[in-house]
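# Summary of the model geometry
Each chain, written out:
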Amino acid sequence: MRVLITGAAGMLGRQVKEEFTKRGATVYPLARKDLDITDYNAITKTFKNITPETVVNCAAYTNVDGAETEKEVAFAVNGLAPRLLGLTCRKYNASMVHISTDYIFNGQSKKPYLISDIPDPINIYGASKLMGEQGIRESGCNYFIIRVSWLFGLGGKHFVDTILKLAKGRDSLKVVNDQQGSPTYTPDLARAIADLSGTGIYGTYHYTNSGITTWHGFAKKVIELSGLTTKIEPCSTAEFPRPARRPMSSALDLFPTTRVLGYTPPSWEDAVEHYIKNYHTMED
Ligand SMILES: NC(=O)c1ccc[n+]([C@@H]2O[C@H](COP(=O)([O-])OP(=O)(O)OC[C@H]3O[C@@H](n4cnc5c(N)ncnc54)[C@H](OP(=O)(O)O)[C@@H]3O)[C@@H](O)[C@H]2O)c1
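These figures come from a predicted structure and were not determined experimentally.

Basis of the calculations
- Residues numbered from 1 in each chain as written.
- Predicted model: local features only at pLDDT ≥ 70, side-chain atom pairs only at ≥ 80, totals over all residues.
- Helix = DSSP H or I, 4+ residues; strand = E, 2+ residues; numbered from the N terminus.
- Rg over C-alpha atoms; globule rule 2.2 N^0.38 Å.
- Buried ≥ 20, exposed ≤ 12 C-beta atoms within 10 Å, placed from the backbone.
- Contact = placed C-beta atoms within 7 Å.
- Near = placed C-beta within 6 Å.
- Nonpolar A, V, L, I, M, F, W, Y, C, P; charged D, E, K, R; others polar.
- Axes fitted to C-alpha atoms, helices over the stretch in contact; angles between N-to-C directions.
- Parallel < 35°, antiparallel > 145°, perpendicular 65-115°, else oblique.
- Left-handed = near helix turned anticlockwise from the far one by under 90°.
- Pairing = 2+ DSSP bridges.
- Expected span 1.5 Å × (residues − 1).

## Side note on the overall build of the protein chain
Counting its regular elements, the protein chain contains nine helices and 12 strands. Its C-alpha atoms give the protein chain a radius of gyration of 18 Å, near enough to 19 Å, the size a compact globule of 284 residues would have. When its C-alpha atoms are laid out on the principal axes, the protein chain stretches across 55 × 35 × 35 Å. Within the protein chain, the proportion of its 284 residues that are buried is 49%. The contacts in the protein chain between residues at least 6 apart in sequence include a share of 82% that link residues at least 24 apart.

Here it is as structure tokens:
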């Protein structure tokens with residue numbers, strides 16, 4: 001199996017590389033310097049050289065607040081580039097795995113979002129990622145679009161490390177308690193990506209760790225597991241205005257993912273415990 005990974009130096013990209021390598025695939029992990037996914041000529045050249053059977057697009061513009069001002073870059077990387085990759089996948093008969101986001105939804109639902117729910121992004125990042133999904137569907141390639149949320153893992157900028165860094169040396173920390181969703185641990189996601197792509201059951205999927213929490217609940221668990229004594233106090237989104245609006249409730253329903261995979265993802269609490277015990281040192 002020849003697997004091309006874009007954005008391979010990113011948080012998810014490096015985990016996907018590890019997962020496919022572990023499974024014995026021939027992996028081509030391309031960082032941005034090796035392949036800029038907004039460059040159609042470069043994509044064509046790369047496909048010609050590598051002739052991948054599977055392409056996992058882990059490249060994205062992921063600065064949610066930055067996208068509000070860097071609108072054009074966000075739409076080029078998240079909106080247009082997936083279409084370019086999809087068209088090239090179709091031409092070379094490769095299947096495409098693309099990672100999308102809970103932020104394509106408006107967050108007003110009282111229930112976890114189904115794959116069939118209508119997207120309605122409330123910020124530029126979400127709108128750009130939705131355009132990317134549409135581009136892939138229209139490209140005519142065989143695709144897996146996997147929507148994920150609240151990623152954390154090794155080698156990236158994420159909430160768990162941020163909380164640990166902020167908590168050190170402080171008695172208390174305020175964390176928003178009115179946005180809910182589900183954390184997703186990159187090693188668990190990478191396993192699901194490799195498993196799903198092996199099924200040949202193309203389509204749109206949701207994948208997160210099991211369970212729903214708030215950022216406040218997430219932070220409390222992180223502190224508890226790390227042995228710190230910092231008090232995590234609840235506060236509202238309104239107390240911490242950010243350039244981009246966030247969906248208030250963006251939990252994702254995992255049907256049909258769990259059925260196709262044949263297993264339920266580990267709980268988010270177990271995932272945080274695994275990360276803190278195995279990878280996080282208090283010197284970080
Ligand atoms: N992080 C989350 O909480 C979250 C939540 C929901 C969905 N997602 C989605 O999950 C996927 C993986 O995210 P992540 O957290 O692993 O992001 P990440 O760590 O920011 O990695 C993204 C990678 O893409 C690269 N990249 C940016 N523009 C590129 C271009 N034009 N060509 C090639 N590479 C480019 C970046 O390189 P530079 O570092 O050089 O810019 C970076 O290495 C993305 O699709 C993201 O939208 C993430």
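## A few points about the site of the ligand
If you check the shell around the ligand, you find 25 residues, and the closest are Gly 7, Gly 10, Leu 12, Ala 59 and Ala 60. Residue assignment for the shell around the ligand shows that the elements contributing at least two residues are α1 (11-22) and β4 (95-101). The leading source of residues in the shell around the ligand is α1, at three residues. When its residues are assigned to classes, the shell around the ligand shows 13 nonpolar, nine polar and three charged.

## A few points about the packing of α1 against helix α6 (residues 186-199)
Taken N-terminus to C-terminus, the directions of α1 and α6 make an angle of 55°; their axes are 9 Å apart at the nearest point. Taken together, the axes of α1 and α6 lie oblique to each other. Crossing of α1 over α6 shows right-handed handedness. Counted together, Met 11, Leu 12, Gln 15, Val 16, Glu 18, Glu 19 and Phe 20 of α1 and Thr 186, Pro 187, Leu 189, Ala 190, Arg 191, Ile 193 and Ala 194 of α6 form the full contact between these two elements. Of the residues contributing to the contact of α1 with α6, the split by class is nine nonpolar, two polar and three charged.

## Considerations on the environment of Asn 93
Of note, Asn 93 is situated in the loop between α3 (71-92) and β4. Taking the C-beta count within 10 Å as the criterion, Asn 93 has 11 such neighbours and is therefore assigned exposed. Counting along the chain gives 42 residues from Asn 93 to Thr 51, while the straight-line C-alpha distance between them is 9.0 Å.

## Structural notes on the sheet that holds β4
Read from one edge to the other, the open sheet built from six strands follows the order β2-β1-β3-β4-β5-β10, with strand pairing classed as parallel. For this open sheet the edge positions go to β2 (26-30) and β10 (203-206), each flanked by a neighbour on one side alone. Neighbour to neighbour, the strand axes of the sheet diverge by 20° on average, direction disregarded. Docked against the sheet, α3 engages β3 (54-57), β4 and β5 (142-148), running at close to 160° with respect to β4.

## Some details on helix α4 (residues 124-139)
The terminal C-alpha atoms of α4, which comprises 16 residues, lie 22 Å apart, in line with the 22 Å expected from a rise of 1.5 Å per residue. For α4, a buried count of 12 out of 16 residues is recorded, marking the element as mostly surrounded by other parts of the structure. Along its buried surface, α4 packs onto α3, β4 and β5. Looking one or two residues past α4, Gly 140 carries a phi angle of roughly 85°, positive in sign.

## Focus on the environment of Tyr 125
Of note, Tyr 125 is situated in helix α4. Of the residues examined, Tyr 125 has 27 C-beta atoms within 10 Å and is grouped as buried. Along the primary structure Tyr 125 and Gly 66 are separated by 59 residues, whereas in three dimensions their C-alpha atoms are 8.6 Å apart. Setting aside residues up to four positions removed in sequence, Tyr 125 forms contacts with Val 64, Ala 67, Ala 74, Tyr 103 and Ala 244.

## Some words on unusual backbone geometry
Residue Pro 256 is bonded to the preceding Phe 255 through a cis peptide linkage, with omega at 5°. We note that Thr 51 has phi near 40°; this positive angle belongs to a residue other than glycine. Following the sequence through the fold, Thr 51 ends up in the loop between α2 (40-50) and β3. You can call Thr 51 exposed: it has 12 C-beta atoms within 10 Å.

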